[in-house]
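# Reading the structure
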Amino acid sequence: QGILEILVDEAAAGGAAADADAALLEKKYRGVLLGIGAGNALGIPAEGQSRHAIRRHWRDRLTEVDPAERDRPWDDDLAQSALLAEALLRAEELKPDLLAHEFVEWKQRNGRGIGVLMSDVLAEVESGNPALDAARLVWERSGWSTAGNGAVMRCAPVALRWRASGTRLVQTAATSAAVTHYDLRCQWSTVVVDVALAMVLSGVTPDLEQIAKGMEEVGGKDVQAAVLQQVVEAVRSVEGASLDDLELDDPMDMGYTLKAMRVALWASHQGEDFEATVTDVVNAGGDTDTNGAVAGALVGARTGIDGIPYRWLENIPRTDELVALADRLLEASQASSR
């Protein structure tokens, strides 16, 4: 076992009291999935805008979920999270090709908000390529440089499923990313976010320096250590950082996987005011729907469902399905840890 796996296991072992309070853990699990939906929905109208543009358009701050969302399909952040959750519940081991075909069917049905990278990978899958080969082909075609945030945005169900098993969490998180995002930065930023989320679910504030050391350990075993060092540096940059320091509306990297990872780590260290934290993240601009979704997952794990404004949730469709998914993931995680 490596440092990252141990961090998850020790947090789960130390969180035995939270396990004993089944109602509390249930609220946390529901808070994660509904937090994704709330943060995603709040951020949709401002996607790609700078903080200054948001301030001008919404006369200071964007604070409400558009009621029109009630009649729209889920955006990609939430839709893909739900599909990943279902895939994790179907089998102990995540099957890349089955998940990729679920994504293809979603794209054909609707595909709201789908990114360019994701669309290109799914096109390769539709043409007959296995998922991991499709992701690699698209990544190579990009000049080995594409590292979008689409894997991080949907990764929360992995932490919900494997909160009590560091080994399974790390393996599954990396696989869930590689299905569409082949770049190692995507895979390992996804792992980092799931490690942090599992720790918060267990009642532990993530130790960013220990997570960074865990990533250094991974890099020490890998020929692409220089690439993984970028993840290490991004983790360390969050310690003591303000939201302004994250520069979420920088047009050069607003959809970058390490940017979304830093949002998650920053959110994992905030207090228990879901509305204030997620609103601040969205109004900082950039990839607002994904940043909102990621922050919503981490803060939702801390506050539970009770911390999420009801007036936001009533404008999100099919929240009953998210609650049911959260409950099934909790049941599966507890069954695996017995």
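Structure shown above.
All chains use their own residue numbering, which begins from 1 and follows the written sequence. Side-chain atom pairs in this predicted model are given and counted only at pLDDT of 80 or more, local residue features only at pLDDT of at least 70, and totals for whole chains, interfaces and linings cover all residues. As a convention, hydrogens and water are excluded, and side-chain values are obtained from all of the structure's heavy atoms.

### Thoughts on the packing of helix α3 (residues 22-43) against helix α5 (residues 76-90)
Counted only if it meets this: Helix axes are fitted to C-alpha atoms over the stretch in contact, other axes to C-alpha atoms as well, and angles between N-to-C directions run from 0 to 180 degrees. Numbering of helices and strands starts at the N terminus; helices are DSSP runs of H or I of at least 4 residues and strands are runs of E of at least 2. In this scheme, roughly parallel covers angles under 35 degrees and roughly antiparallel covers those over 145, while 65 to 115 is roughly perpendicular and the rest are oblique. Crossing handedness is defined as follows: a turn of the near helix away from the far one that is anticlockwise and smaller than a right angle gives a left-handed crossing, while the clockwise case is right-handed. Every residue pair with non-hydrogen atoms within 4.5 Å of one another is taken to be in contact. Under the grouping applied here, Gly and all other residues not named as nonpolar or charged are polar, the nonpolar ones being Ala, Val, Leu, Ile, Met, Phe, Trp, Tyr, Cys and Pro and the charged ones Asp, Glu, Lys and Arg.
Running from amino to carboxyl end, α3 crosses α5 at an angle of 160°, the nearest separation of the two axes being 9 Å. Comparing the axis directions of α3 and α5 gives the class roughly antiparallel. Relative to α5, α3 is oriented so that their crossing is left-handed. Facing α3, whose interface residues are Leu33, Ile36, Gly37 and Asn40, α5 presents Asp77, Leu78 and Ser81. Looking at the contact of α3 with α5, its residues break down into 3 nonpolar, 3 polar and 1 charged.

### Some points on the pattern of salt bridges
Let me state the cut-off plainly: Each salt bridge in this description consists of a side-chain nitrogen of Lys or Arg and a carboxyl oxygen of Asp or Glu lying within 4 Å of one another. Only protein chains enter the calculation, and the probe is 1.4 Å; a residue is then buried if its accessible area is under 20% of its type maximum, exposed if over 50%, and partly exposed in between.
Counted under the stated rule, the structure contains 24 salt bridges. In this structure, arginine 112 engages glutamate 69 in a salt bridge whose closest nitrogen and oxygen atoms are separated by 2.8 Å. One end of the pair, arginine 112, is in the loop between α6 (96-109) and α7 (116-126); the other, glutamate 69, is in the loop between α4 (51-57) and α5, and 43 residues separate them in sequence. Note on accessibility: arginine 112 and glutamate 69 belong to one class, buried. Across the salt bridge formed by glutamate 92 and arginine 161, the nearest N and O atoms sit 2.8 Å from each other.

### A few points about the packing of helix α1 (residues 3-14) against helix α13 (residues 208-220)
Across the interface, α1 lies against α13 with an axial gap of 8 Å and an inter-helix angle of 145°. On α13, the residues that touch Ile3, Leu4 and Leu7 of α1 are Gln210, Ile211, Lys213, Gly214, Met215, Glu217 and Val218. For the contact of α1 with α13, a count of residues per class yields 6 nonpolar, 2 polar and 2 charged.

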